[in-house]
Amino acid sequence: MIKPTKLLLNVLFCLAVSCNSSSPTPKIDPQIIAEIEKTVAIANSQCPAYYGMGNDAILESLTYENNVVTYNYHVDRIYNGAESSKDRVKNSLLYMLKGETEVSTDSKNFITNIIKADCKLVYKYKTSSGDSIQIEILNEDLKKVFR
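Fair warning: this is a prediction, and the values are worked out from it, not measured in the lab.

As a further point, take the pairing of strand 3 (residues 68-74). Within strand 3, seven of the seven residues are buried, leaving the element largely enclosed by the surrounding structure. Sheet topology note: the strand 2 (residues 57-65)/strand 3 ladder contains seven bridges and is antiparallel. Residue pairing for strand 3: Y64 is matched across the bridge by V69. The hairpin turn running from strand 2 into strand 3, its antiparallel successor, is two residues long, and N66 in that turn takes a positive phi close to 50 degrees.

In structure tokens, the structure reads:
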């Protein structure tokens, strides 16, 4: 007769093996990650960067963590109804990125690497009074625009 602890260990082992053999997470080329980190570091070293855009937008920093590139902006104000307009803002950002990649090889390489690494982009806008809004651009969104 098999002891209960031995039986339990066998069951756990089988579960561990079956879970481990399921579709593996694709490996991302470390060179791509290194290029993303390098590009973010270069851009971050140029912060704060003043963009105006009618709202005195200042890019305070960029970060890359856990497959997310985050743009942190300080703005004078966040307009009423901005929360309900997130999709329009996201589409505007996507097409601004598309335009930038058409004139800049560096931008094109950066977005290509973001897509390959299955990253997402997050744009955070914050005011001095603490109001904030966050726009997320998923990798699927990037793939649709940059096919």
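There's plenty left to go through after this.
Attention now moves to the side chain of N72. Topologically, N72 is positioned in strand 3. Here N72 falls in the buried class, since its relative accessible area comes to 18%. Discounting residues that sit within four places of it in the chain, N72 has contacts with I58, L59, E60, S61, T63 and K124.

On to the packing of helix 3 (residues 86-103) against helix 4 (residues 105-116), then. It is at 5 Å that the axes of helix 3 and helix 4 come closest, and there the two elements cross at 125 degrees. Taken as axis vectors, helix 3 and helix 4 run oblique relative to one another. Where helix 3 crosses over helix 4, the handedness of that crossing is left-handed. Here L97, E100, T101 and V103 of helix 3 come into contact with helix 4, specifically with T105, S107, K108 and I111. Per-class residue counts for the contact of helix 3 with helix 4 are three nonpolar, three polar and two charged.

A complete count under the given rule lists three salt bridges for this structure. Here E83 ties to K86 by a salt bridge, and the two come within 3.0 Å at their closest N and O atoms. Its relative accessible area of 26% is what places K86 among the partly exposed residues.

A word on the packing of aromatic side chains. Taken as a whole, this structure holds two aromatic pairs when the rule is applied. A ring pair is formed by Y71 and Y123, whose centres lie 4.6 Å apart and whose planes are at 5 degrees; its orientation type is stacked. Of the two residues, Y71 is situated in strand 3 and Y123 in strand 4 (residues 120-126); the sequence distance between them amounts to 52 residues. Seen in terms of ring centroids, Y73 and Y125 are 5.1 Å apart; in terms of plane orientation they differ by 15 degrees. Their pairing is stacked.

Close inspection of predicted coordinates is inappropriate for parts of the model with low pLDDT. Scored by pLDDT, the chain comes out at a mean of 82, with 80% of its residues at no less than 70. Contacts of residues 1-24 to residues separated by more than four positions or lying in other chains number one contact, the stretch itself having pLDDT below 50.

All right, on to the pairing of strand 4 then. In this structure, strand 3 lies alongside strand 4, joined through seven bridges in parallel fashion. Following the sheet pairing, Y73 is matched in strand 4 by Y125. Relative to strand 5 (residues 132-137), strand 4 runs antiparallel, the two being bridged by six bridges. Residue pairing for strand 5: L121 is matched across the bridge by I137. Between strand 4 and strand 5, which pair antiparallel one after the other, the connecting turn spans five residues, and G130 there sits at a positive phi close to 100 degrees.

The rules behind these values
- Residues numbered from 1 in each chain as written.
- Predicted model: local features only at pLDDT ≥ 70, side-chain atom pairs only at ≥ 80, totals over all residues.
- Heavy atoms only, no water.
- Buried < 20%, exposed > 50% of the residue type's maximum accessible area, 1.4 Å probe, protein only.
- Helix = DSSP H or I, 4+ residues; strand = E, 2+ residues; numbered from the N terminus.
- Pairing = 2+ DSSP bridges.
- Contact = heavy atoms within 4.5 Å.
- Axes fitted to C-alpha atoms, helices over the stretch in contact; angles between N-to-C directions.
- Parallel < 35°, antiparallel > 145°, perpendicular 65-115°, else oblique.
- Left-handed = near helix turned anticlockwise from the far one by under 90°.
- Nonpolar A, V, L, I, M, F, W, Y, C, P; charged D, E, K, R; others polar.
- Salt bridge = Lys/Arg side-chain N within 4 Å of Asp/Glu carboxyl O.
- Phe/Tyr/Trp six-rings, centres within 6.5 Å; stacked < 30°, edge-to-face > 60°.
- pLDDT = per-residue confidence, 0-100.

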